[in-house]
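For reference, the chains in residue letters:
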Amino acid sequence: MFFKIEPTSGQPLYLQLMQQIRHAVESGALREGEQLPGIRTLAQELVVSPNTIAKAYSELEHEGLLELRQGSGAFISLSRRARSLSNHIQAATRSVSDLVEQLRERDFRDEEIRRMFEAVLLHQPEMTRKR
Amino acid sequence: MTNGRVIETERLGKSYGRIEAVKELNLSIRPHCITAFLGLNGAGKSTTIKMLLGMIRPSSGDGTVLGQRISNPIEGVRLRTQIAYVSENKRLYDYMTVDQMIRFTRAFYSDWRPDEEQKLLRQFRLPLDRKVKSLSKGMRTKLGLLMAFARRPELLILDEPSEGLDPVGIEELLEILIARCSDGTTVFFSSHQIAEVERIADQICILHAGRLVLDSSLDDLRQSYRRINLVFPSIPAEHHFRIAGVQDVRTRGHQMSVLASSNAEGVVARAQDFHADSIDVAPVELRDIFLEKVKED
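Looking at the layout of surface pockets
Residues and elements named next belong to chain B.
Argument step 1. Of the pockets and cavities examined, the second largest pocket occupies roughly 680 Å³.
Argument step 2. Taken together, 23 residues line the second largest pocket, and the ones lying closest to its centre are Tyr85, Arg91, Thr105, Tyr109 and Met147.
Argument step 3. When contributions to the lining of the second largest pocket are tallied by element, the ones reaching two or more residues are helix 2 (73-82), strand 7 (83-86), helix 3 (98-106) and helix 5 (137-149).
Argument step 4. Considering every element that reaches the lining of the second largest pocket, the biggest residue donor is strand 7, with four residues.

Quick notes on the nonpolar core
Here is a general trend for soluble globular proteins: nonpolar side chains tend to be buried in one another's company.
Argument step 1. In terms of nonpolar packing, the biggest core is built from 77 residues, with Leu17, Ile21 and Leu36 of chain A together with Leu143, Phe149, Leu158 and Ile204 of chain B touching the most fellow members.
Argument step 2. Looking at this core, you find at least three residues from each of domain 1 (7-220) and domain 2 (225-294) of chain B.
Argument step 3. Setting aside anything within four residues of it in sequence, one finds Leu36 of chain A in contact with Phe3, Ile21, Leu30, Tyr57, Leu66, Ala74 and Ile76 of chain A.
Argument step 4. Counting residues in each nonpolar core, the second largest holds 23 residues, with Met51, Leu66, Ile70 and Ile83 of chain B among its members.

Here we look at the packing of aromatic side chains
Argument step 1. This structure, assessed with the given rule, holds seven aromatic pairs over all chains.
Argument step 2. Here Tyr93 of chain B and Tyr95 of chain B contribute two aromatic rings whose centre-to-centre distance is 6.1 Å and whose plane-to-plane angle is 50°, an arrangement assigned as tilted.
Argument step 3. On the basis of relative accessible area, Tyr93 of chain B is assigned to the partly exposed category, the value being 38%.
Argument step 4. Over the aromatic face of Tyr14 of chain A sits the side chain of Lys55 of chain A, whose NZ or CZ is 4.2 Å from the ring centroid.
Argument step 5. Directly above the aromatic system of Phe75 of chain A lies the positively charged group of Arg69 of chain A, at a separation of 3.9 Å from the ring centroid.

Let's talk about the interface of chain B and chain A
Argument step 1. Listed as interface residues are 29 residues of chain B and, on the opposing side, 26 residues of chain A.
Argument step 2. For the pair chain B and chain A, the two sides together bury roughly 2500 Å², of which 55% comes from carbon and sulfur.
Argument step 3. The three residues of chain B that bury the most area against chain A are Ile178, Arg199 and Arg222 of chain B, which together make up 25% of that side's buried surface.
Argument step 4. Taken together, the links from chain B to chain A amount to three salt bridges.
Argument step 5. For the side of chain B that touches chain A, the secondary structure elements donating two or more residues are helix 6 (167-182), helix 7 (194-200), helix 8 (218-224), helix 9 (264-273) and strand 15 (278-283) of chain B.
Argument step 6. At seven residues, helix 6 of chain B tops the list of elements feeding residues into the side of chain B that touches chain A.
Argument step 7. Residue composition of the side of chain B that touches chain A, grouped by class: 13 nonpolar, four polar and 12 charged.

Focus on the sheet that holds strand 14 (residues 255-260) of chain B
Residue and element names in this part refer to chain B.
Argument step 1. With respect to topology, four strands assemble into an open sheet ordered 13-14-12-15, the strand pairing being antiparallel. Sheet topology places strand 13 (246-252) and strand 15 at the edges, where each strand pairs with a single neighbour. Each adjacent strand pair in this sheet contributes to an overall mean axis angle of 15°, direction not counted.
Argument step 2. In terms of strand pairing, strand 12 (residues 226-231) meets strand 15 through six bridges, oriented antiparallel. Considered in strand 15, the bridge of Val231 is made with Ser278.

A word on the side chain of Glu292 of chain B
Argument step 1. Positionally, Glu292 of chain B belongs in helix 10 (residues 286-293).
Argument step 2. Those residues in contact with Glu292 of chain B that lie beyond four places of it in its chain are Gln247, Asp248 and Leu259 of chain B.

Quick notes on the pattern of salt bridges
Argument step 1. Within the structure shown, the criterion is met by 27 salt bridges over all chains.
Argument step 2. Salt-bridge contacts for Glu6 of chain A lead to Lys4 of chain A; the nearest nitrogen and oxygen are separated by 2.5 Å.
Argument step 3. A salt bridge links Arg114 of chain A to Glu118 of chain A; the shortest N-O distance between them is 3.5 Å. Linking Arg114 of chain A with Glu118 of chain A, this pair stays in helix 5 (residues 110-123), spanning four residues, or about one helical turn.
Argument step 4. By relative accessible area, which is 33% here, Arg114 of chain A ends up partly exposed.
Argument step 5. On the basis of relative accessibility, which here comes to 16%, the residue Glu118 of chain A falls in the buried class.
Argument step 6. Three or more residues joined by partner-sharing salt bridges are found here, namely Glu111, Arg114, Arg115 and Glu118 of chain A together with Arg226 and Asp280 of chain B.

Some words on empty space enclosed by the protein
Residue and element names in this part refer to chain B.
Argument step 1. Across all of its chains, the model carries three cavities of 30 Å³ or more by this definition.
Argument step 2. Looking at the second largest cavity, its volume works out to about 50 Å³.
Argument step 3. For the second largest cavity, the full set of lining residues is Pro161, Ser162, Ile170, Leu173, Leu174, Phe189, Ser190, Ser191, Gln193, Glu196 and Val197.
Argument step 4. Contributions of two or more residues to the lining of the second largest cavity are made by helix 6, strand 9 (186-190) and helix 7.
Argument step 5. Take the lining of the second largest cavity: its biggest share by element is three residues, from helix 6.

Calculation criteria
Residues numbered from 1 in each chain as written. Chains lettered and ligands numbered in written order. Predicted model: local features only at pLDDT ≥ 70, side-chain atom pairs only at ≥ 80, totals over all residues. Heavy atoms only, no water. 1 Å grid on protein atoms, 1.4 Å probe; cavity = no way out; pocket = protein on both sides within 12 Å on 5 of 7 lines; lining within 4 Å. Points joined across faces, edges and corners; volume = space filled by probe spheres on them. Helix = DSSP H or I, 4+ residues; strand = E, 2+ residues; numbered from the N terminus. Core = buried A, V, L, I, M, F, W, Y, C linked by side-chain atoms within 4.5 Å. Buried < 20%, exposed > 50% of the residue type's maximum accessible area, 1.4 Å probe, protein only. Domains from an automatic or database assignment. Contact = heavy atoms within 4.5 Å. Phe/Tyr/Trp six-rings, centres within 6.5 Å; stacked < 30°, edge-to-face > 60°. Lys NZ or Arg CZ within 6 Å of the ring centre and 35° of its normal. Buried area = accessible area lost by both parts, 1.4 Å probe. Salt bridge = Lys/Arg side-chain N within 4 Å of Asp/Glu carboxyl O. Nonpolar A, V, L, I, M, F, W, Y, C, P; charged D, E, K, R; others polar. Pairing = 2+ DSSP bridges. Axes fitted to C-alpha atoms, helices over the stretch in contact; angles between N-to-C directions.

Here it is in structure tokens:
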């Protein structure tokens, strides 16, 4: 599995890693029971602090997408909750791609689209809610 | 340790005659993290590090490192056996060979790891029989790093550890720092390599003219700092945008550029009040945050 971290993208690195692992599971690149690299190994490979990896793994464990086994590493585990969440995310991702496609057809560049999303998200801050 | 902190200082200061090198510094460094200590040349970084190690006496304030008072000379000596330190000028004995230098250093530390020493010697390609005097700047740095990394200390303090290293050397250094942090060592290092710092640091401290001007986790900086570029039909006065969280406002023609350390949504709302034609919110690199923090007023 290949991950790519962008230190200057304005998003915490552990969130970037979480998204990429989630995406890998959704796209089938990572399957149930498969093992992720150890914290130290992945930190050295991505040249990031081990705390970044540890935080991403522990948050994903919380979401039920990963199972951390003492001494033997992190494994993909698709609990029912994670699976339904993953379907949910897949559906939402499709709506977003449709919208992006429409905007591209209207000749907006990706950079402009990205900034529009960011401006809207900033202007209408998310209500605190539990998923 | 005080509150589980590895380094804790309270109003730490150092004056040389009338010159205040470090002023009322409150540092609080968490364990098992990588903390980068940034600042321009002469900002007081090395002076701070030397006070932390008990090598120079503070003029005011005090602090603890690994739970021991830095102003107490006896505790200071004990402390230096628990910390591995790489100094700014990589203090070495010029008349010794690399091999003699390593054997000499090894004798002082009970936490020395011969296997690690051998591994680092191979990795750094250090010539054992060369005199220290004839080493290049990069080689001197590597020898200094080897003598710190061959130990297993609780705390690693590095003053400009990448000095003189080529890109491959810097990459090796980062990998070793990551490995040590994975082993549970706390890493505190000063650097001018902002791009590298931005990858591996958990926490950023910026010192400017002896004062701490920023102390934040990099994740918080990434999440909260934004540059908002605006275009207006007619440009509003800058003071309307000097609201909470705003660090800097600049205007040029119909354009305005706002740097916000937080509250970017407040700036966006204000821009809409003034009927902005275009609102563009972009993340800010650590380099820009650094330059803003050390700007001379």
